[in-house]
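Chain by chain, the residues:
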Amino acid sequence: MKTQRKANSLRSAIKHAILMVYIVIILFPLAWVLNSSFKTNKEIIAFPWSFPHEWLLSNYGNAWTGAHVSHYFTNSLVVSSISAVMTLILGTSTSFALIRMKFPRLSKVINRVLMVALLVPAGSLLVPLYMLLRSFHLYNTPLALIMPYITIGLPPTVFMISGFFKSFPSELEEAGTMDGLSIYGLLWRVIVPITVPPLIPVFMLNFLSNWNEFMMANLFLTKEKFRTLPVSMVAFYDQLNMNYGSLCAAIMFSLIPVVLMYFLMQKRIIACIKA
């Protein structure tokens, strides 16, 4: 009995040790960038691993105003939010229609199309999308990113939400129908409010995917006023005149939505995982 306990304790200790090493490896680059964002160029080059002698908040002001991070940050926030919300709305509606409404042949066709869409790499769509956006005069507009983001995010969103809807009790739908709710009222007034916790991680995945996307943003938006933050990061090296402290500050600004979203929604995410 004691031997078994010791073995279990040893396994637990090894697992925790591996987890701690993994956490350190993941957080170390972030900690280094955060520390460097308060340093001068000389300190970053001469003492890259030390704490700053004087904590400079001016790097953040220089990045926010001098490098126009505020403008690019707003562009990314608007495009990512609209795309993620629209993807969630369309994905929820499509999933409900495929799982709960009876379209035997059409549902199979749509499922197969969505399955094939999952296998198509986003890079292979760049040229066709470029030509379509040019034809519809959407090139160099926010819709040049919003529409492709919705299209690419829809297939995985549909399959993820479909898994939630399959486990949804049919009795609630029957009760809603007996109360006189239409199919749209049943979806948005009964089903969606109950499935909010599982829908939040889906929204977060779409938002973060859109927020970090680079290829399409770099190709479809060449005008500076429409650029998103990931694309602008490439140009920050020249704009900030080799000011590494301000460059690290700009990187920290790009992490704000990710960190903030996690802290605000962590309880719902954990509840969804436990469920």
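The structure under discussion appears in the preceding block.
Caption draft 1: Fine view of the overall build of the protein. Counting its regular elements, the protein contains 13 helices and zero strands. Listing each helix as α and each strand as β along the protein from the N terminus yields α-α-α-α-α-α-α-α-α-α-α-α-α. Expected size for 275 residues packed as a compact globule is a radius of gyration near 19 Å; at 24 Å, the protein overshoots this value by more than 25%. In the protein, of all internal contacts separated by at least 6 residues, the share reaching a separation of at least 24 is 73%. Carbon together with sulfur atoms contributes 71% to the accessible area of the protein, which is approximately 17,000 Å² in total. The average position of the 21 basic charges and that of the 9 acidic charges among the side chains of the protein differ by 11 Å.

Caption draft 2: Region of the structure containing the nonpolar core. Grouped together as the largest cluster of nonpolar side chains are 35 residues, with contacts concentrated most on V69, L229 and F236. Elements represented by at least two residues in this core include exactly α3 (58-66), α4 (69-100), α7 (143-166), α9 (183-194), α10 (196-212), α12 (229-239) and α13 (244-274). Discounting residues that sit within four places of it in the chain, V69 has contacts with A63, W64, L229, F236, A250 and F253. Residues V79, L138, L145 and I146 belong to the second largest nonpolar core, which totals 16 residues.

Caption draft 3: Looking closely at the environment of S37. Mapped onto the elements, S37 comes out in the loop between α1 (2-36) and α2 (41-46). On the basis of relative accessibility, which here comes to 0%, the residue S37 falls in the buried class. Beyond its immediate sequence surroundings of up to four residues, S37 is in contact with L56, N59, Y60, G245, C248, A249 and M252.

Caption draft 4: Structural context of the layout of surface pockets. Of the volumes computed, that of the largest pocket is approximately 430 Å³. Looking at the lining of the largest pocket, the elements that each hand over two or more residues are α5 (104-119), α6 (126-135), α7 and α10. For the lining of the largest pocket, the element with the highest residue contribution is α7, accounting for seven residues. Taken together, the residues that form the lining of the largest pocket break down as 14 nonpolar, five polar and one charged.

Caption draft 5: Focus on the packing of aromatic side chains. Considering all chains together, one arrives at 12 aromatic pairs under this definition. The interplanar angle of 90 degrees and the centroid separation of 6.3 Å between the aromatic rings of F96 and F165 together place this pair among those described as edge-to-face. Of the two residues, F96 is situated in helix α4 and F165 in helix α7; the sequence distance between them amounts to 69 residues. Counting every residue linked through ring pairs, the aromatic cluster contains F38, W55, Y60, W64, F73, F203, F207, W211 and F253. Its guanidinium or amino end placed over the ring of Y139, R134 lies 4.1 Å from that ring's centre, counting from NZ or CZ.

Caption draft 6: Geometry of α3. Three or more residues of α3 are buried, namely N59, Y60 and A63. Around the axis of α3, the buried residues are gathered within 100 degrees of arc, so they sit on the same side.

Caption draft 7: Quick look at the environment of Y184. Position of Y184 relative to the elements: it lies in helix α9. With relative accessibility at 60%, the residue Y184 sits in the exposed group. Taking the C-alpha atoms as reference points, Y184 and S83, separated by 101 residues in sequence, lie 22 Å from one another.

Cut-off values and rules
Residues numbered from 1 in each chain as written. Predicted model: local features only at pLDDT ≥ 70, side-chain atom pairs only at ≥ 80, totals over all residues. Heavy atoms only, no water. Helix = DSSP H or I, 4+ residues; strand = E, 2+ residues; numbered from the N terminus. Rg over C-alpha atoms; globule rule 2.2 N^0.38 Å. Contact = heavy atoms within 4.5 Å. Areas by Shrake-Rupley, 256 points an atom, 1.4 Å probe, with all protein chains shown as cover. Lys, Arg positive; Asp, Glu negative; His and termini not counted. Charge placed at Lys NZ, Arg CZ, Asp CG, Glu CD. Core = buried A, V, L, I, M, F, W, Y, C linked by side-chain atoms within 4.5 Å. Buried < 20%, exposed > 50% of the residue type's maximum accessible area, 1.4 Å probe, protein only. 1 Å grid on protein atoms, 1.4 Å probe; cavity = no way out; pocket = protein on both sides within 12 Å on 5 of 7 lines; lining within 4 Å. Points joined across faces, edges and corners; volume = space filled by probe spheres on them. Nonpolar A, V, L, I, M, F, W, Y, C, P; charged D, E, K, R; others polar. Phe/Tyr/Trp six-rings, centres within 6.5 Å; stacked < 30°, edge-to-face > 60°. Lys NZ or Arg CZ within 6 Å of the ring centre and 35° of its normal. Arc of directions from axis to C-beta.

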